[in-house]
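As a plain string of letters, each chain reads:
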Amino acid sequence: MLKPSATNSKSMDEIVALCKRRGFVYPASEIYGGINGFWDYGPLGVALKNNIRDDWWRNLVECPPLDADGNPLQIVGLDSAIIQNPNAWVASGHVGGFSDPMVDCHATKSRYRLDHVMVYRPREGTDVHPSYAFMEGQPDSIAKKLKKATRGRDVSELFEVVALEDLTVADYAMIVGPDTKEQGTLTEPKQFNLMFQTTVGATGGPENVAYLRPETAQGIFLSYKNVLDTMRVRMPFGIAQIGKAFRNEVTPRNFIFRSREFEQMEMEWFCHPDESEHWFSYWKQQRMQWWQSLGVESNNLTLRDHEQDELSHYSDATSDIEYCYPFTAPAFGELEGIAHRGCFDLTQHQKHSKQKLEYFDQQRNERYIPHVIEPASGLTRGVLALLCEAYTHDDQRPSKMYMKFHPRMAPIKAAVFPLVNKDGMPEVAQKLHLELRSRFTIEFDAKQSIGKRYARMDEAGTPYCFTIDGDTLNDQTVTVRHRDTLQQERIGIDHVSEFMTKNILV
Ligand code: GAP
């Protein structure tokens, strides 16, 4: 397999700084000091997010892929409520089982997900002590904290790395927690339910507790019968939904990778149990191809099967599409899960709601609860993957970098600049801008030097800039500047629209 392209040479700090500077992502409520795990998508961020969202919807609902016989699959859309009858979450297993084990630090009041804490434990026969706990993926903080204990010696000779979850609670007395200098401050692990609670109606008692959905998938199962009864769908078919999901994550981190409010794009594919393995393979392949079609290099993606002990409560088998994020590189982190959910959800909802959710298959003359294959991707996590993928160092440019978005994903498709603000150039540029903007997102910019305007567009990832200069007024041509190659060419002003159609709608 090819090595992942240099995502490990990209710095998350630089990417986060660019996102703030250029209006991709801001911390939510920043003027009040922020709120951990919540983010606002700025003007360029929401445009990028909408481009991914619209492409997913188009690829699955409006123009679904073809089956082995060349016929389009049948997939319909849905937009279900975020708050549902709380019994639905009992049936789905989320009230009882959707929890993460966590440990608290009673010195700092911090809370950590047990499976995210690693411990540097002194090897036998060494003179170092005690053990030090760290959150996974924080190499800088490890080096800093161990500096005193190692006194210049090799960390790996002195310490072995073990997962906190593999230690006993008795070992905790020897451990210095991730954010403290004291020993023995970590508490025994407890289960913590990730669903956000709210109350419905004015009285607000415990009998009115409801939940913000932790996945969009359940809304699909709840509407399954209505879709079946009202639309002309027949097995196999899919129901797709995009929307917000909420999880009170114990340790939100890595920028927008793990947030408490995020967006998902999920499709439940209902099929005959005997065909479920075929469709499981089919969707794994389709989904990998889709991420590549958005400009993600194939060597930055991998498909990983879950181990038995990793499977969610509902799943018979799951494969994750993983991306090589800068903070996981050279390893990979989850981008999308493709789960074989069997008949778990419909069976549970049939039992708890006492409504028949079986399907009568006329062709087979058979009644059954369909099996479900679920490609579930994170839309906001997709935004992060595309931001990381696009970030490209280039010392030759004033901005020292540019965002190499696939043209279809770029938030701004082209910019139109008058070279100077005189001699009729602004008027010609404005006319071109007005002509293009009904079909493409176009930026018109007449301020600052042309170099600074190019630099801004490099940071926004705009594939093309059209400049109106002195020659335009004589020969009706404009300069096209190509973002990736920095090449410039002249084309007729009348051909700009055609140029855009050819180069953007690819
Ligand atoms: N319906 C199945 C389901 O929700 P999941 O693996 O928990 O499965 C699907 O979530 C996708 O949603 C993940 O692959 C990830 O991209 C995204 N996701 C999950 N939790 C997230 C979080 N806290 N922040 C951002 N994205 C998240």
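A brief structural summary. (Residues numbered from 1 in each chain as written. Predicted model: local features only at pLDDT ≥ 70, side-chain atom pairs only at ≥ 80, totals over all residues. Heavy atoms only, no water.)

Considerations on the nonpolar core
One finds Ile52, Ile75, Trp269, Trp283 and Leu384 to be the most contacted residues of the largest nonpolar core, which totals 62 residues. If near-sequence neighbours (up to four positions away) are discounted, isoleucine 52 is found in contact with Met265, Trp290, Leu294, Leu379, Gly382, Val383, Leu386 and Met409. (Core = buried A, V, L, I, M, F, W, Y, C linked by side-chain atoms within 4.5 Å. Buried < 20%, exposed > 50% of the residue type's maximum accessible area, 1.4 Å probe, protein only. Contact = heavy atoms within 4.5 Å.)

A few points about the site of the ligand
The ligand sits among 20 residues. The nearest are Glu215, Glu249, Glu266, Glu334 and Leu335. Measuring from an oxygen atom of the ligand, one finds a side-chain N or O atom of arginine 247 at 2.8 Å. Between the ligand and phenylalanine 257, the relevant distance is 3.3 Å, taken from a nitrogen atom to a main-chain nitrogen or oxygen of the residue. Here the ligand loses 91% of its free accessible area of 550 Å² to cover by the protein chains. Among the secondary structure elements, those contributing two or more residues to the shell around the ligand are β14 (261–271), β17 (333–342) and β20 (371–378). Counting residues per element, the shell around the ligand draws most heavily on β17, at five residues. The class makeup of the residues in the shell around the ligand is six nonpolar, four polar and ten charged. (Near = heavy atom within 4 Å. Polar contact = N/O pair within 3.5 Å; in protein donor to acceptor, adjacent residues only side chain to side chain. Areas by Shrake-Rupley, 256 points an atom, 1.4 Å probe, with all protein chains shown as cover. Helix = DSSP H or I, 4+ residues; strand = E, 2+ residues; numbered from the N terminus. Nonpolar A, V, L, I, M, F, W, Y, C, P; charged D, E, K, R; others polar.)

Some points on the pairing of strand β4 (residues 99–104)
Summarising the sheet, β4 and strand β10 (residues 190–193) pair through four bridges and their orientation is antiparallel. Note that in β10 the partner of proline 101 across the bridge is glutamine 191. When β4 meets strand β5 (residues 111–113), the two strands line up antiparallel, connected through three bridges. Residue pairing across strands places valine 103 opposite tyrosine 112, the latter belonging to β5. Between β4 and β5, which pair antiparallel one after the other, the connecting turn spans six residues, and lysine 109 there sits at a positive phi close to 65°. (Pairing = 2+ DSSP bridges.)

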